[in-house]
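Chain residues, written in single-letter form:
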Amino acid sequence: MKNFTIGLNIALVIAVAVLFYLQFSSGGNGKPGVVSGTKEVPQGNFKIAYFEIDSIEAHFTYYKEVSNSIQAKAQENGKQLNQLKEAFAAKYQDLQRSAQTMTQAEVNSKQQELMQMEKTYNSKEQMMNNEMQDESMKKMLDVRQKISDYLKEYNTSKGYAFIVGNNSESLAFYYKDSAYDITTDVIKGLNEKYKKKQ
């Protein structure tokens, strides 16, 4: 997930660089402020704003609630897994203590039981990890959506073309003015370039 986010952020930064170039160059047609291709964008400078993601994480109440609920769930999962570990350890120690007084069939039966306990532990751990990952992702996407929705509203009086979230690892776009969307032109250009190489 983290690698995907980093990759997405790199792609977004590249897209912004292309945007800057297209915005401030003549676009090959001598008209400033016009993107080559099909999109007409507003002339003149556009504004970009940013906010610190770390500060949002530290001070946005909803984010803190989500973060706390994820941590509480992780602790509860850890508690359940520890109980299974302790039960396994107790059975194993019991087998070690009494193995010499047991028949081979009884030892084999206890070993099978231990193997089944280990299998149960592993599958429960995997299931909990998957559930935790899904739940965390959904909750964090909801946090991001709330931030994006607010920024849309906030930006109605500000006029920013882009609002970027900044942290020490990456930049992430939370708001973008669709007037600067060059996706169609980029796809067309990429496909044309790719076709020429074949």
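Residues numbered from 1 in each chain as written. Predicted model: local features only at pLDDT ≥ 70, side-chain atom pairs only at ≥ 80, totals over all residues. Heavy atoms only, no water.

J.: So what about the sheet that holds strand 1 (residues 47-52)? Which residues, and what values?
T.: One key point about sheets: their strands pair by backbone hydrogen bonds, in either a parallel or an antiparallel sense. Sheet architecture is open: three strands sit in the order 1-2-3, paired in mixed fashion. Every other strand in the sheet has two partners, leaving strand 1 and strand 3 (171-176) as the edge strands with one partner each. Between one strand and the next, the sheet's axes are offset by a mean angle of 25°, whatever the strand orientation. In the sheet, strand 2 (residues 160-166) pairs with strand 3 via five bridges, with the strands oriented antiparallel. By the bridge assignment, I163 is partnered in strand 3 with Y175. (Pairing = 2+ DSSP bridges. Helix = DSSP H or I, 4+ residues; strand = E, 2+ residues; numbered from the N terminus. Axes fitted to C-alpha atoms, helices over the stretch in contact; angles between N-to-C directions.)

J.: Provide a residue-level description of the pattern of salt bridges, including the pertinent values.
T.: As enumerated under the stated definition, the model contains four salt bridges in all. Salt-bridge contacts for K139 lead to E135; the nearest nitrogen and oxygen are separated by 3.1 Å. Of this pair, K139 and E135 both sit in helix 4 (residues 104-154), four residues apart, which is roughly one turn of that helix. You can call K139 partly exposed: its relative accessible area is 25%. By relative accessible area, E135 is classed as partly exposed at 28%. We note a salt bridge from D142 to K146, for which the minimum N-O separation is 3.5 Å. Within this pair, D142 and its partner K146 are both found in helix 4, separated by four residues, close to a single helical turn. (Salt bridge = Lys/Arg side-chain N within 4 Å of Asp/Glu carboxyl O. Buried < 20%, exposed > 50% of the residue type's maximum accessible area, 1.4 Å probe, protein only.)

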